[in-house]
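Spelled out, the chains give:
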Amino acid sequence: MSEHTDSPFPSDTVEVHLDTESLLAAAAARFVSVIVAAQAERGSASAVLTGGGTGIALLERVRESPGGIDWSRVEVFWGDERFVPANDTERNDLQARQALLDHVPVDPARVHPVAVSDGEYPDPVEAAAEYSATVHAYLAEHGAFDLHLLGMGGEGHINSLFPHTDAVREQHELVVAVTNSPKPPPVRVTLTLPAIRRSRHVVLVVDGAAKAEAVAAAIGGAEPVEVPAAGAIGLDSTTWLLDQRAASALR
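Residues numbered from 1 in each chain as written. Predicted model: local features only at pLDDT ≥ 70, side-chain atom pairs only at ≥ 80, totals over all residues. Heavy atoms only, no water.

As named in an unreviewed UniProt entry, the chain is 6-phosphogluconolactonase, taken from Nocardia gamkensis. Here is the UniProt Sequence similarities (unreviewed entry) comment for the chain, exactly as written: "Belongs to the glucosamine/galactosamine-6-phosphate isomerase family. 6-phosphogluconolactonase subfamily." According to the UniProt record, the Function (unreviewed entry) comment for the chain is "Hydrolysis of 6-phosphogluconolactone to 6-phosphogluconate." (UniProt positions renumbered as here; feature names shortened; annotations may be inferred.)

**Details of the environment of Val76**
Within the secondary structure, Val76 is located in strand 3 (residues 74–78). In sequence terms Val76 and Ala47 are 29 residues apart; their C-alpha atoms lie 5.2 Å from each other. Val76 has contacts with Ala47, Leu49, Leu101, Val106, Arg110, Val111 and His112, leaving out every residue within four places of it along the chain. (Helix = DSSP H or I, 4+ residues; strand = E, 2+ residues; numbered from the N terminus. Contact = heavy atoms within 4.5 Å.)

**Examining the pattern of salt bridges**
As enumerated under the stated definition, the model contains 13 salt bridges in all. A salt bridge links Arg42 to Glu41; the shortest N-O distance between them is 3.4 Å. In this structure, Asp93 and Arg91 form a salt bridge, with 3.3 Å as the shortest nitrogen-oxygen distance. Classification of Arg91 as buried rests on a relative accessible area of 1%. A single salt-bridge network, built from bridges that share partners, covers Glu41, Arg42, Asp146 and Arg200. (Salt bridge = Lys/Arg side-chain N within 4 Å of Asp/Glu carboxyl O. Buried < 20%, exposed > 50% of the residue type's maximum accessible area, 1.4 Å probe, protein only.)

**Brief notes about the pairing of strand 9 (residues 237–243)**
Among the 7 residues that make up strand 9, 7 are buried, leaving the element largely enclosed by the rest of the structure. Side chains Ser237, Thr239, Leu241 and Asp243 of strand 9 all project onto a buried face; the interleaved residues Thr238, Trp240 and Leu242 project onto the opposite face, where all are buried too. Here strand 1 (residues 12–17) runs beside strand 9; their pairing, made up of 6 bridges, is parallel. Following the sheet pairing, Val14 is matched in strand 9 by Trp240. With 6 bridges connecting them, strand 8 (residues 199–206) and strand 9 associate as parallel partners. Each residue of the ladder has a partner; that of Val206, found in strand 9, is Leu242. Of the crossover connections in this fold, the one passing from strand 8 over helix 7 (residues 212–219) to the parallel strand 9 is right-handed. (Pairing = 2+ DSSP bridges. Right-handed = clockwise from strand over helix to strand, strands pointing away.)

**Quick look at the side chain of His17**
If you trace the backbone, His17 turns up in strand 1. There is a polar contact of 3.0 Å between the side chain of His17 and the side chain of Glu15. (Polar contact = N/O pair within 3.5 Å; in protein donor to acceptor, adjacent residues only side chain to side chain.)

**What to know about the nonpolar core**
Counting 51 residues, the largest nonpolar core has Phe31 and Leu49 as the members making the most contacts within it. Counting residues per element, this core draws most heavily on helix 1 (residues 20–42), at 9 residues. Those residues in contact with Leu49 that sit more than four places away from it in its chain are Phe31, Leu59, Val76, Phe77, Trp78, Gly79, Ala96 and Leu149. Residues Val14, Ile196, Ala230 and Ala232 belong to the second largest nonpolar core, which totals 27 residues. (Core = buried A, V, L, I, M, F, W, Y, C linked by side-chain atoms within 4.5 Å.)

**As for the UniProt feature "domain: Glucosamine/galactosamine-6-phosphate isomerase" (unreviewed entry) in the chain**
Here, UniProt's "domain: Glucosamine/galactosamine-6-phosphate isomerase" (unreviewed entry) annotation points to residues 19–238. Overall, residues 19–238 shows 36% helix and 17% strand. The separation of its end C-alpha atoms is 21 Å.

**Notes on the sheet that holds strand 3**
One open sheet accounts for 6 strands, arranged 1-9-8-5-2-3; its pairing is parallel. In the strand order of this sheet, the two ends are held by strand 1 and strand 3, each with one partner. Ignoring strand direction, the axes of neighbouring strands in this sheet form an average angle of 15°. Bridge count between strand 2 (residues 45–49) and strand 5 (residues 145–150): 2 bridges; the pairing is parallel. The residue bridging Val48 from the neighbouring strand is His148, located in strand 5. (Axes fitted to C-alpha atoms, helices over the stretch in contact; angles between N-to-C directions.)

If you want it as structure tokens, here you go:
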């Protein structure tokens, strides 16, 4: 069950789903449809993944119903990463592999994880610069990401872009290091709002009553420095997929 709600941007769609299960089903279907359409149009497709409980559950649903995706022609990126050792279970990369990537025939050369803290780039600023070079190289060739998935925190953060931080204020760099995240772990690497806006389709998947006020503020046109999710705008479309609790403050 879903309904569509008006929003300030013409390309925005807001879908409200009955519960978390129907929300995840809709998000997985959206993932598949965007990737399949991009491959049909351009031969390959790119997806920027998100972590968190909802983001990983979404990847599990895609694993269960992958539709017509040709995984050998999918480029995979991450919107942010916890800058921790390679075997740390908090890494979004590790969780995404366990949920999806280890179970589909993705080309390892097309999977682009952020550097680990115990690897070649132990400095998070250097790790961000290395990932920025990877992102720039892809965008220089392909123009834009096809799909950028986003979760959202209760205060409106997306990726590792938190309210009133240097990272959310960044206007030029596509990838930056975060060394004082208000949510542990404190050190992270994140794509910025300019990088999100280099995505054809941005999809925000949000559930829970604790996020309702931030959802309403973001969709209502809040300043991104106040509610970072308000700055997540796709080139072709921006889709908010919500459960009824997350949508409860919408007017």
